[in-house]
Amino acid sequence: MSRGFPLVGIERLSLSDYPGKICANLIVPGCNFRCPYCNQGELIFDFIPMPRVSEDEAIAFLHPRLGFLDGACLTGGEPIIHRELPAFLERLKSIGSLVKLDTNGSHPGRLGHVLGRRLVDYVAMDVKVPLGRYQETVGYRISREELLGSIQLIRRSGVDYEFRTTVVPGIIDGDDLEEIAKTLMGSKRYVLQGFKPGKTISPACEHIEAYTLTEMRQFADRVSPYIGDVTLRI
């Protein structure tokens with residue numbers, strides 16, 4: 001018997017996580033990446049003792065609020081590492097919920113299964129660094145081909161999507177962003193996210209000074225020739 005899809009929290013209202021929609025965020029524990037600048041370390045290292053939210057509790061919260069809420073965003077953590085994901089997505093779709101999935105793109109096979117069955121309405125894939133630098137940055141062995149596979153699946157799926165990069169000084173600069181943009185050339189939407197200093201997996205990242213708004217706008221100008229819609233999310 002399935003143990004159900006793991007959830008550790010519900011953020012009851014978000015106006016910014018699902019573009020153009022009002023959603024609840026369903027918080028998923030666990031991640032296969034170890035990005036040094038990640039500020040969700042507790043979801044990676046300390047989630048086992050966290051109180052769980054059952055699938056039934058998530059559905060019971062969401063279902064009567066649909067109409068005011070458009071749907072749910074599955075975020076974390078990395079939702080797609082959990083084999084129970086497709087069955088939970090089916091439950092969300094069965095009550096009429098729109099579903100946004102946040103993913104790092106590390107499992108193209110599972111992502112393709114979800115996209116092929118139209119179990120999500122929007123996908124946001126993080127592109128952390130230029131594809132050749134992944135293992136040294138995220139601490140996880142993944143090939144360029146696997147990442148490209150996820151990018152191509154998303155682009156060809158017919159599902160609305162965005163690619164996004166958190167722009168961390170010392171890890172990502174303008175040259176890196178241009179290389180990523182060339183990889184994503186012709187994509188629908190690319191979001192540059194500002195880094196927020198604070199508690200991070202690597203203490204070395206906790207006091208990094210974020211790029212200024214002027215610098216972020218310069219980065220956006222630099223990548224805009226390659227992608228139709230470049231957005232800053234500060």
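In this text, all values refer to a predicted model and were calculated from it rather than measured experimentally.

Participant: Please give an account of a nonpolar patch on the surface that cites residues and values.
Facilitator: Side chains of Leu-13, Leu-15 and Phe-68 sit close together on the surface and give an oily, nonpolar patch of about 360 Å² of accessible area. Along the polypeptide, Leu-13 turns up in strand β1 (residues 9–14). Taking the relative accessible area as the measure of exposure, Leu-13 reaches 48% and is therefore partly exposed.

Participant: I'd like to hear about the packing of aromatic side chains, residue by residue, with values.
Facilitator: Enumeration according to the criterion identifies 6 aromatic pairs in this entry. Summarising the aromatic geometry, the rings of Phe-5 and Phe-88 are spaced 5.2 Å apart at their centres and angled 10 degrees between planes, so their arrangement reads as stacked. A residue pair is termed long-range when its members are at least 10 positions apart, and Phe-5 in the segment before β1 and Phe-88 in helix α3 (residues 85–94) qualify at 83 residues. Centroid distance Tyr-211 to Phe-219: 4.8 Å. Interplanar angle 85 degrees. Geometry classified as edge-to-face. Like Phe-219, Tyr-211 is buried. Pairwise contacts between aromatic rings join Phe-33, Tyr-134 and Tyr-140 into one cluster.

Participant: Explain the state of the cysteines to me, using residue names and the numbers behind them.
Facilitator: Summed over all chains, the structure comprises 0 disulfides. Cys-35 takes part in no disulfide bond, and the closest cysteine sulfur, belonging to Cys-38, lies 6.4 Å away. When its relative accessible area of 6% is taken as the criterion, Cys-35 is described as buried. Residue Cys-38 is classed as buried on the basis of its relative accessible area of 19%.

Participant: Go over the pattern of salt bridges, please, and point to the residues and values.
Facilitator: Enumeration according to the criterion identifies 16 salt bridges in this entry. When the shortest N-O distance is used, the salt bridge between Arg-117 and Glu-90 registers 1.7 Å. Separated by 27 residues along the polypeptide, Arg-117 in the loop between α4 (108–116) and β5 (122–126) and Glu-90 in helix α3 bring together distant segments of the chain. Among the ionic pairs, Asp-102 bridges to Lys-100, the shortest N-O distance being 2.4 Å.

Analysis parameters
- Residues numbered from 1 in each chain as written.
- Predicted model: local features only at pLDDT ≥ 70, side-chain atom pairs only at ≥ 80, totals over all residues.
- Heavy atoms only, no water.
- Patch = residues over 30% accessible without salt bridge, like charges linked within 9 Å, V, L, I, M, F, W, Y side chains within 5 Å.
- Areas by Shrake-Rupley, 256 points an atom, 1.4 Å probe, with all protein chains shown as cover.
- Salt bridge = Lys/Arg side-chain N within 4 Å of Asp/Glu carboxyl O.
- Helix = DSSP H or I, 4+ residues; strand = E, 2+ residues; numbered from the N terminus.
- Buried < 20%, exposed > 50% of the residue type's maximum accessible area, 1.4 Å probe, protein only.
- Phe/Tyr/Trp six-rings, centres within 6.5 Å; stacked < 30°, edge-to-face > 60°.
- Disulfide = S-S within 2.5 Å.

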